[in-house]
Every structure is written in C-alpha cells, then in structure tokens.
Amino acid sequence: MPTIARVPHTMTELDSTRPPSVLASLNLGEDGIYTGGQGDGGQEHERKLRGEVAAKAYDDYLGEIAHHHSIPVMDAEIDRFLATIPTGGIIVDVGGCWGWHWRRLADTRPDIRVVVVDFVRANLRHAQTLLKDDIGRRVFLVEGDATRLDFPDACFDGYWSVQTLQHIPAFPAAIAEAARVLKHRGSFACYSLNDPPLIRAVYALFGKYWHRQGTIPGAFWLERMNQNQIDTVTRTFGVAPRQHYSEVLFTPEFGLRIGARGNWAGRVDAALSGSGWPRLIARQHSLHLTKPGV
C-alpha cells in the first residue's frame, strides 16, 4: 500500500462534548449506549457465542487483545488511516467491539470523533471500561448491525472495520451500507483474514484442515478475503480498492506474544505490512479506497 500523505490538521481539543448529529435519531440508554437498527443477517448463533465471551471479566484488556491481534501492527494501521481523515472528521467503526483501536485518540487526533458499532451490547460495556473518559466525548457507542446502519446517507469521513465483515454471510449488504454512509472522498478500510498460499500449503502438507469459507463447526460463519469480496467492493464503490497485507509475523496459534504493546518484534511486523510478497504469509488482507465524488 503506498504511503499516504498526512492530512494537515490542528491538534486541538474538541470544541464541544455534544453528541455528533449522526446519532440524532438514536435512543441513548441509561447505560450510555445508543440503540441502532438490527439487521436480519442470520447471525443469532454468532451473537449468542460472542455474548458469552463478552460476559467474561477482564483485568488486563490489552493483554487479552494481544492474544488475538497485534497491537503494534494495528496501531500503525490506525495511524495510517487517521492520516486520511480531515480536521474535525467523524469515523464509524463497524464491529468495533471493545473500541481499543481508539485508545490513543486524545494524543494522536483529538479533533476526531468515532462512532463504534457492535451487535453485542456487552462488548460496548467493555469499551466503556477501556476507554473511560473518551466515551461520550471522542467515542460514542451504538448497539447496531453492519447490514442496517441507522445513520444518514454520506455522513462519515471514514469507515473502519477489522475482522467483522468476514463473519457476515450478507457481505454485499454490509458493503452497500458502508458505501451509503460514507461521504464522497471518505476513506474506507476493511480488514479480513487472509488466505495465504504458503500457509495453506503447509496445512495441506501436514493434513490439517484450513477453513476458507462457510460456517465453522460449532462456531460461526467465516469467509476469508477472496476475489468475490473484492469484486463486490469494486462494483459497489465504482473503484477498485488497494490491497494491503498486515500481521505478517503475528500468528495467535503459535502462542508467541509479539502482539503485545511495545513488543520489538511487533514493531518489526508493523514495518513489514504492505503489498506484494507479504500476501504469501500475512494473517490479514485489507481493502482500502477513497469513495469517488466531490
């Protein structure tokens, strides 16, 4: 992925703590979470499973996250994405779960606000614990569905989603919603699990099962990034996305803690992210574009 020039902006505090206008039609619960629309994506089983996980208590959120994601890699990805957002912009994070991607917002882009959408309300309660004073000021929480976003047309400067749309059978519906709520010249970023040929070959060599598309037995739907999804994004937005690969070294199955915050190997991993050869082994495959228009 080519280097994106940083958009000039003034690093000032937000002028107001009033909720952004995109939330005007939603109801704010006593728990500080807004309620949005619920789609019919056939994901009740997944909602139940993720609700059971969200019911657990966590003493070390970032430590738990490091088992599943590389914090150094994703911090670098976030910084690259934020560089495309104009001063005072607003981002929707679809499937944002604990909202941990935005924990540095007060230091990196205090002029930006983020709306985190997740279909498990308990996940958003964890976000309140993790993000603390940023909730209701820079970050706003919405219980909602990726296939039915209760927001006006063309209202967000950025659409960000990490390993969420890969779990939605109605992928085209989710992408249509992304295109609808994103402003012209807005930034789109969608991360999914990669289907790396070298890793797939290793699995085949040792006779191990490699899941590419469909329902994981006893679990939920997973569809790794593939050409059909790329074509869907291209048709919907009218422009081909840039393809990017990240978490080149990070593999949760190996149990290595290189995804922990500040880990030196994680910083090396972040530097390896890009296009070209990383596609052969990288864990994540993401799509990036600027929505056409003026």
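Residues numbered from 1 in each chain as written. Predicted model: local features only at pLDDT ≥ 70, side-chain atom pairs only at ≥ 80, totals over all residues. Heavy atoms only, no water.

**A word on a nonpolar patch on the surface**
So, step 1. Together, Val 202, Leu 205 and Phe 206 make up an exposed nonpolar region whose accessible area comes to about 360 Å².
So, step 2. Note on placement: Phe 206 falls in the loop between α7 (197-205) and β8 (213-215). (Patch = residues over 30% accessible without salt bridge, like charges linked within 9 Å, V, L, I, M, F, W, Y side chains within 5 Å. Areas by Shrake-Rupley, 256 points an atom, 1.4 Å probe, with all protein chains shown as cover. Salt bridge = Lys/Arg side-chain N within 4 Å of Asp/Glu carboxyl O. Helix = DSSP H or I, 4+ residues; strand = E, 2+ residues; numbered from the N terminus.)

**Points about the packing of aromatic side chains**
So, step 1. Applying the stated criterion to the full structure yields 10 aromatic pairs.
So, step 2. Summarising the aromatic geometry, the rings of Phe 188 and Phe 237 are spaced 5.0 Å apart at their centres and angled 50° between planes, so their arrangement reads as tilted. In this pair, Phe 188 is assigned in strand β7 (residues 182-193) and Phe 237 in helix α8 (residues 227-237), connecting sequence segments 49 residues apart.
So, step 3. Judged by relative accessible area, Phe 188 falls into the buried class, the value being 1%.
So, step 4. The exposure class of Phe 237 is buried, given its relative accessible area of 7%.
So, step 5. A network of ring pairs unites the aromatic residues Phe 81, Trp 102, Trp 160 and Tyr 191 as a single cluster. (Phe/Tyr/Trp six-rings, centres within 6.5 Å; stacked < 30°, edge-to-face > 60°. Buried < 20%, exposed > 50% of the residue type's maximum accessible area, 1.4 Å probe, protein only.)

**Some words on the sheet that holds strand β5 (residues 139-143)**
So, step 1. Pairing is mixed across the open sheet formed by nine strands, whose spatial order is β1-β2-β5-β4-β3-β6-β7-β11-β10. Both edges of this open sheet fall to β1 (27-28) and β10 (242-246), since each of them pairs with a single strand only.
So, step 2. The strands touched by helix α3 (residues 71-82) within the sheet are β3 (90-94), β6 (156-162), β7, β10 and β11 (284-290), with β6 carrying the most contacts at an inclination of about 160°. (Pairing = 2+ DSSP bridges. Contact = heavy atoms within 4.5 Å. Axes fitted to C-alpha atoms, helices over the stretch in contact; angles between N-to-C directions.)

**Regarding the confidence of the model for the protein**
So, step 1. Mean pLDDT over the protein works out to 90, with 89% of the residues at or above the 70 mark.
So, step 2. In this model, residues 1-8 is a region of pLDDT below 50 whose contacts with residues beyond four sequence positions or in other chains number 18 contacts. (pLDDT = per-residue confidence, 0-100.)

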